[in-house]
Amino acid sequence: MTIKTSAITACISSALLLSGCNDNDNKAEAITFNDIAVVQSVASGESMIEFTDGITDVASNYNSKTATDYGIATRGEYIYHIGRYNIDTIQKYHIDNPQLGYYPGEGYSLRSAGETTSANPYNISFITDDTAVITRYGSAKAWVINLAAKNSDDFLIRELDLSHHTTGADDTVPEMDMVFTHNNRVYITLQNLTEWVSSGNEKVVVFDATSWEEIDTDSVTPGTQAIELSLANHQSGVVYGDTMYLGSLVYGPLSGGIEAVNLNDFSTEVLTDEYAVNRVTATESGKIFFTSYEGWSSEKGSSIDTLYKLNSDNSASKVSTELASGNISALASKGEVLWLGLPGTSNKIIRINAAADFSAPKPLNEIQLSSVETALKPVQIEFLTIEQNIGDF
């Protein structure tokens with residue numbers, strides 16, 4: 001599919017870097033970009049969406065906000081901007097005009113009528129182009145939503161009640177975090193914290209995406225069971241093939257690892273428990289990369305992270321000593337290329353060749369494919385997978 005996209009392409013192709021779109025008479029040469037990256041970036045008291053090809057060009061200053069707790073998701077030609085704690089909204093944009101919201105005002109509310117505390121919407125997974133499930137970290141009910149809704153009355157399709165998976169009468173919120181869809185099933189991870197500490201009740205709840213009935217993952221035990229997890233505080237994950245890889249990070253003292261969930265038989269396996277994993281991604285060929293959280297630098301005001309590749313024997317290899325004990329603020333992959341957010345005096349995104357041999361750490365100049373500067377600190381990277389034809393506008 002080839003489309004012309006005037007608003008974003010006017011910025012990218014005219015090389016109006018880091019300044020957003022403005023009026024000019026420049027005409028672009030015909031260039032075809034694939035997989036434009038959508039970046040959520042932040043600074044103190046400011047956030048925005050930026051667009052980049054990851055190679056030469058960045059277009060910034062889209063949907064600038066004074067609040068910073070936002071996430072993004074992409075589906076086809078559309079971008080979804082999710083306001084999290086005490087924001088509780090979702091807005092939809094098209095790549096043709098990524099400043100014009102489809103929904104009224106700031107978008108549809110993700111807080112139920114009568115809710116006095118933030119629903120804290122966290123992650124979204126798409127069933128179809130027009131239907132998605134969104135987790136609400138501050139609530140006991142996930143939402144199934146109509147992304148094509150013309151008004152708020154048509155937006156909420158149904159609620160998925162997870163309250164029966166909490167630890168007891170005094171704990172009514174299961175801290176639902178991630179959500180994935182696979183083979184017409186929906187998988188929702190529950191951190192189940194008590195006073196921000198693991199309760200030992202970490203789970204993955206499974207729903208049929210047609211009937212919306214909860215699926216019993218253990219036919220032997222009476223009642224409807226969820227998948228029980230061994231590690232705590234899973235807060236990153238990816239599905240590749242029939243396996244869900246969940247990254248676990250436990251603070252003070254640091255621990256965690258990567259836990260694999262078999263989506264066919266619901267079995268689990270701890271692949272490693274030697275790292276406090278805060279980000280995980282899978283390449284097109286199934287290579288698993290992750291970052292480990294090693295602490296906080298008060299001097300730099302940032303986390304200390306190292307990038308690793310998970311090996312077939314479940315050992316881990318450092319990708320590069322230059323990507324060890326630094327600050328990695330975002331991790332994503334497309335094809336066999338890793339995209340990393342590296343904040344600093346100059347915020348940037350670098351692209352790395354994930355197909356390299358990492359049996360020993362590589363010098364960064366041997367594996368880095370490109371680098372671009374962003375206006376603010378990149379904290380999330382998603383991709384538009386449409387082909388974009390730039391020119392003749």
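Criteria and thresholds
- Residues numbered from 1 in each chain as written.
- Predicted model: local features only at pLDDT ≥ 70, side-chain atom pairs only at ≥ 80, totals over all residues.
- Heavy atoms only, no water.
- Helix = DSSP H or I, 4+ residues; strand = E, 2+ residues; numbered from the N terminus.
- Buried < 20%, exposed > 50% of the residue type's maximum accessible area, 1.4 Å probe, protein only.
- Contact = heavy atoms within 4.5 Å.
- Areas by Shrake-Rupley, 256 points an atom, 1.4 Å probe, with all protein chains shown as cover.
- Salt bridge = Lys/Arg side-chain N within 4 Å of Asp/Glu carboxyl O.
- Phe/Tyr/Trp six-rings, centres within 6.5 Å; stacked < 30°, edge-to-face > 60°.
- Pairing = 2+ DSSP bridges.
- Lys, Arg positive; Asp, Glu negative; His and termini not counted.
- Polar contact = N/O pair within 3.5 Å; in protein donor to acceptor, adjacent residues only side chain to side chain.
- Axes fitted to C-alpha atoms, helices over the stretch in contact; angles between N-to-C directions.

The protein chain is annotated in an unreviewed UniProt entry as DUF4374 domain-containing protein from Thalassolituus hydrocarboniclasticus.

Draft legend 1. View of the overall build of the protein chain. Of the regular secondary structure elements, the protein chain holds 2 helices and 31 strands. Scored against the burial criterion, the 393 residues of the protein chain give a buried share of 53%. Counted over contacts in the protein chain with a minimum sequence separation of 6, partners at least 24 positions apart contribute 50%. Here the protein chain displays about 17,000 Å² of accessible surface, and carbon together with sulfur accounts for 44% of that area.

Draft legend 2. Highlighting unusual backbone geometry. Residue Pro253 follows Gly252 across a cis peptide bond; omega there is -10°. By the secondary structure assignment, Pro253 is in the loop between strand 20 (243-250) and strand 21 (255-262). You will see that Asn120, though not glycine, has its phi angle at about 50°, which is positive. You can see Asn120 is positioned in the loop between strand 8 (108-109) and strand 9 (121-126). The backbone phi angle of Trp196 is positive, close to 65°, even though this residue is not glycine. Relative to the helices and strands, Trp196 is located in the loop between strand 15 (193-194) and strand 16 (197-198).

Draft legend 3. View of the pattern of salt bridges. This model, assessed by the stated rule, comprises 7 salt bridges. Across the pair Lys141 and Glu159 runs a salt bridge, and its minimum N-O distance is 3.6 Å. Here the residue Lys141 occupies a position in strand 11 (residues 141-146), and Glu159 occupies one in strand 12 (residues 156-161), the gap between them amounting to 18 residues. Here Lys141 falls in the partly exposed class, since its relative accessible area comes to 32%. A relative accessible area of 34% places Glu159 in the partly exposed class. The shortest N-O distance in the salt bridge between Arg279 and Asp305 comes to 3.8 Å. Taken as a pair, Arg279 in strand 23 (residues 277-282) and Asp305 in strand 25 (residues 302-310) lie far apart in primary sequence, 26 residues in all. With a relative accessible area of 0%, Asp305 lands in the buried category.

Draft legend 4. The arrangement of the packing of aromatic side chains in detail. Inspection of every chain in the model, using the stated rule, returns 13 aromatic pairs. Residues Tyr103 and Phe155 carry aromatic rings whose centres are separated by 6.3 Å and whose planes lie at 65° to one another, so their mutual orientation is edge-to-face. Here Phe155 lies in the loop between strand 11 and strand 12 and Tyr103 lies in the loop between strand 7 (89-94) and strand 8, a separation of 52 residues in the sequence. Residue class for Tyr103 comes out buried when judged on its relative accessible area of 4%. Note on Phe289 and Phe358: the rings are 5.9 Å apart at their centroids and 90° apart in plane angle, and the pair reads as edge-to-face. Of this pair, Phe289 sits in strand 24 (residues 288-297) while Phe358 sits in the loop between strand 29 (348-353) and helix 2 (364-367), and the two are 69 residues apart along the sequence. As far as burial versus exposure is concerned, Phe289 and Phe358 are alike and both buried. What links up through ring pairs into an aromatic cluster is the set Tyr103, Tyr108 and Phe155.

Draft legend 5. Quick peek at the sheet that holds strand 14 (residues 185-190). Ordered in space as 13-14-17-18, the 4 strands form an open sheet in which the pairing is antiparallel. Each of the sheet's edge strands pairs with one partner strand only, and the pair in question is strand 13 (176-182) and strand 18 (227-228). The pairing of strand 17 (residues 203-208) with strand 18 spans 2 bridges and is classified as antiparallel. Note on strand 18: the bridge partner recorded for Val204 is Ile227.

Draft legend 6. A look at the side chain of Glu202. Relative to the assigned elements, Glu202 resides in the loop between strand 16 and strand 17. Among buried charged residues, Glu202 stands out as having no salt bridge; its nearest opposite-charge side chain is Lys203, 9.8 Å away. Among the polar contacts made by the side chain of Glu202, one reaches the side chain of Ser198 at a distance of 2.2 Å. Other than its neighbours up to four places away in sequence, Glu202 contacts Leu190, Gln191, Ile227, Glu228, Leu229, Leu231, Ala232, Asn233 and His234.

Draft legend 7. Representation of the sheet that holds strand 24 in the model. Read from one edge of the open sheet, 4 strands run 23-24-25-26, paired in antiparallel fashion. At either end of the open sheet lies a strand with only one pairing partner, and these are strand 23 and strand 26 (316-318). Geometrically, the sheet is characterised by an average inter-axis angle of 35° between neighbouring strands, direction not taken into account.

Draft legend 8. Quick peek at the pairing of strand 22 (residues 268-272). Bridge count for strand 21 against strand 22 is 4 bridges, and the pairing is antiparallel. Across the sheet, residue Glu259 finds its bridge partner in strand 22, namely Val270. Once strand 21 ends, the chain turns through 5 residues before running back antiparallel as strand 22, passing Phe266 with a positive phi of about 70°.

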